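Chain residues, written in single-letter form:
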Amino acid sequence: MEEVGHIGKVRFINDSKATNADAAARALACYADIFWIAGGKAKEGGISGLMPYFPRIRKSLSDRRGGA
């Protein structure tokens, strides 16, 4: 994980190594308050293992647009 900047009390972290759900879970576990920006291609196994980090489930932007 690489800290890339701050805006006020908000710290921005680049975790380009979180290329699967297990790696992302380990990174997300390091922080109490998370606004997660994720992207890329779907991986085998999906992201269901990350559900404990989602305070509530929201449809993704692609779902709202009718994408896959």
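Please refer to the structure placed before this passage.
Quantities reported herein were computed from a predicted structural model and do not represent experimental measurements. (Residues numbered from 1 in each chain as written. Predicted model: local features only at pLDDT ≥ 70, side-chain atom pairs only at ≥ 80, totals over all residues. Heavy atoms only, no water.)

We now examine the overall build of the protein chain. Counting its secondary structure elements, the protein chain contains 2 helices and 2 strands. Secondary structure of the protein chain in N-to-C order comes out as β-β-α-α. When burial is assessed residue by residue, the protein chain has 7% of its 68 residues classed as buried. Counted over contacts in the protein chain with a minimum sequence separation of 6, partners at least 24 positions apart contribute 29%. Of the roughly 6200 Å² that the protein chain leaves accessible, carbon and sulfur atoms contribute 55%. (Helix = DSSP H or I, 4+ residues; strand = E, 2+ residues; numbered from the N terminus. Buried < 20%, exposed > 50% of the residue type's maximum accessible area, 1.4 Å probe, protein only. Contact = heavy atoms within 4.5 Å. Areas by Shrake-Rupley, 256 points an atom, 1.4 Å probe, with all protein chains shown as cover.)

Turning our eyes to something else, we now look at the environment of G5. Its location among the elements puts G5 in strand β1 (residues 2-7). In this structure G5 touches V10, R11 and F12, once residues within four positions along its chain are discounted.

This brings us to a nonpolar patch on the surface. On the surface, V4, I7, V10 and F12 cluster together into a nonpolar patch covering about 370 Å² of accessible area. With respect to the helices, strands and loops of the structure, V10 is situated in strand β2 (residues 10-14). (Patch = residues over 30% accessible without salt bridge, like charges linked within 9 Å, V, L, I, M, F, W, Y side chains within 5 Å. Salt bridge = Lys/Arg side-chain N within 4 Å of Asp/Glu carboxyl O.)

What follows concerns the pattern of salt bridges. Taken as a whole and judged by the stated rule, the model has 2 salt bridges. R11 is the salt-bridge partner of E3, the closest N and O atoms lying 3.7 Å from each other. We classify E3 as partly exposed; its relative accessible area is 41%. Looking at R11, the relative accessible area reads 45%, which means it is partly exposed. With its nearest N and O atoms 3.3 Å apart, the salt bridge here joins R26 to D22. Of this pair, R26 and D22 both sit in helix α1 (residues 21-28), 4 residues apart, which is roughly one turn of the helix. Of the residues examined, D22 reaches a relative accessible area of 48% and is grouped as partly exposed.

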